[in-house]
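Fold and contact review
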Amino acid sequence: MNSLEQAEDLKAFERRLTEYIHCLQPATGRWRMLLIVVSVCTATGAWNWLIDPETQKVSFLTSLWNHPFFTISCITLIGLFFAGIHKRVVAPSIIAARCRTILAEYNMSCDDTGKLILKPRPHVQ
């Protein structure tokens, strides 16, 4: 394989990697927004639950029954984490980190957008 073919292969790989990471960005943004909204709802519900004077006087389950906003948002947040939202909000970073691990064997790396970084060859003496 000559150097022109190798350069074309590297460019094709870089284009595909940047395209893939770029395509993940809109979905990642939506997952992040969903996580932020549900987290804020849970925090707000928790605050209202904690400052309610009835919370200390009734049982735990009754207290949760009396605060459906907190209960539903907390269950939703737990469900999102079981569904893997913690991985979905950082998916492009995971892909880039895995590519960096593989590319290190070839004296290359990539940034978070998928652009290749060629490192100088080590000098063998």
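Note that the coordinates shown come from a computational prediction; the quantities given were computed from them, not determined experimentally.

This part covers unusual backbone geometry. Here the phi dihedral of Asn107 falls at roughly 55 degrees; this positive angle occurs in a residue that is not glycine. For Asn107, a relative accessible area of 28% puts it in the partly exposed group.

This brings us to the UniProt feature "transmembrane region" (unreviewed entry) in the protein chain. If you check UniProt for "transmembrane region" (unreviewed entry), the listed places come out as residues 33-51 and 63-85 in our numbering. Within the segment residues 33-51, helix and strand shares are 100% and 0% respectively, and the terminal C-alpha atoms sit 27 Å apart. As annotated, residues 63-85 has a helix share of 87% and a strand share of 0%, and its two end C-alpha atoms lie 28 Å apart.

Glancing now at the environment of Asn48. Within the fold, Asn48 resides in helix H1 (residues 3-51). Judged by relative accessible area, which is 40%, Asn48 ranks as partly exposed. Between the C-alpha atom of Asn48 and that of Thr62, which follows or precedes it by 14 residues, the distance is 15 Å.

This brings us to helix H5 (residues 91-103). The end-to-end C-alpha distance of H5, which contains 13 residues, comes to 18 Å, matching closely the 18 Å that a straight helix rising 1.5 Å per residue would cover. What H5 keeps buried is the set Ala91, Pro92, Ala96, Cys99 and Leu103. On an axial view of H5, the arc spanned by its buried residues comes to 135 degrees, and they lie on one face. For H5, the exposed residues set more than 90 degrees away from the buried face come down to Arg98 and Thr101. Tucked inside the fold, the buried residues of H5 contact H1, helix H4 (85-88), strand S1 (108-110) and strand S2 (116-118).

Let's shift gears to the nonpolar core. For soluble globular proteins, nonpolar side chains are generally found buried alongside one another. Core analysis: the largest hydrophobic core is formed by eight residues, namely Leu17, Ile21, Ala96, Cys99, Leu103, Met108, Cys110 and Leu116. Elements represented by at least two residues in this core include exactly H1, H5 and S1. Among the elements that line this core, the one with the most residues is H5, at three residues. Apart from residues lying up to four places away in sequence, Leu116 is in contact with Leu10, Phe13, Glu14, Leu103, Ser109 and Cys110.

Summed over the entire model, instances satisfying the criterion amount to two aromatic pairs. When the centroid spacing of 6.1 Å and the interplanar angle of 70 degrees are considered together, the rings of Trp49 and Phe60 count as edge-to-face. With Trp49 in helix H1 and Phe60 in helix H2 (residues 60-66), the pair connects residues that are 11 residues apart, well separated along the chain. Where Trp49 meets Phe70, the ring centres are 4.9 Å apart and the plane angle is 15 degrees; that geometry is what we call stacked. Highlighted residues: Trp49 in helix H1 and Phe70 in helix H3 (residues 68-82), separated in sequence by 21 residues. An aromatic cluster is defined as three or more aromatic residues linked by ring pairs; in this entry it consists of Trp49, Phe60 and Phe70.

Further remarks concern the packing of H1 against H3. It is the contact of H1 with H3, at a shortest axis distance of 8 Å, that shows an interaxial angle of 145 degrees. Two packed elements cross with a definite hand, and for H1 against H3 that hand is left-handed. Judged by residue contacts, Trp31, Leu34, Leu35, Val38, Ser39, Cys41, Thr42, Thr44, Gly45, Ala46 and Trp49 of H1 engage Phe69, Phe70, Ser73, Cys74, Thr76, Leu77, Leu80 and Phe81 from H3.

Procedures and definitions
Every chain's residues receive numbers from 1 upward, in the order its sequence appears when written. Totals for whole chains, interfaces and linings use all residues, but because this is a predicted model, local features are given only for residues with pLDDT of at least 70 and pairs of side-chain atoms are given and counted only at 80 or more. The side-chain numbers reported here are obtained from all heavy atoms of the structure, hydrogens and water having been left aside. Classification of residues uses two cut-offs on accessible area relative to the type maximum, computed with a 1.4 Å probe and protein chains only: under 20% is buried, over 50% is exposed, and between them is partly exposed. UniProt positions are given in the numbering used here, feature names are shortened, and annotations may be inferred rather than shown by experiment. Helix and strand definitions here come from DSSP, where helices need a minimum of 4 consecutive H or I residues and strands a minimum of 2 consecutive E residues; each element is numbered from the N-terminal end. Every helix has an expected span of 1.5 Å times one less than the residues it contains. The arc in question is the one traced by the directions running from the helix axis out to the C-beta atoms. Any two residues having at least one pair of non-hydrogen atoms within 4.5 Å are treated as being in contact. Here, the term nonpolar core denotes a set of buried Ala, Val, Leu, Ile, Met, Phe, Trp, Tyr and Cys residues that are joined through side-chain atoms within 4.5 Å. Any two rings among Phe, Tyr and Trp, with Trp reduced to its six-membered ring, count as a pair given centres within 6.5 Å; such a pair is stacked if its planes are under 30 degrees apart, edge-to-face if over 60, and tilted if neither. Helix axes use the C-alpha atoms of the stretch in contact, all axes being lines fitted to C-alpha atoms, and the angles between their N-to-C directions lie in the range 0 to 180 degrees. By convention, the crossing between two helices is left-handed when the near helix turns anticlockwise from the far helix through less than a right angle, and right-handed when the turn is clockwise.

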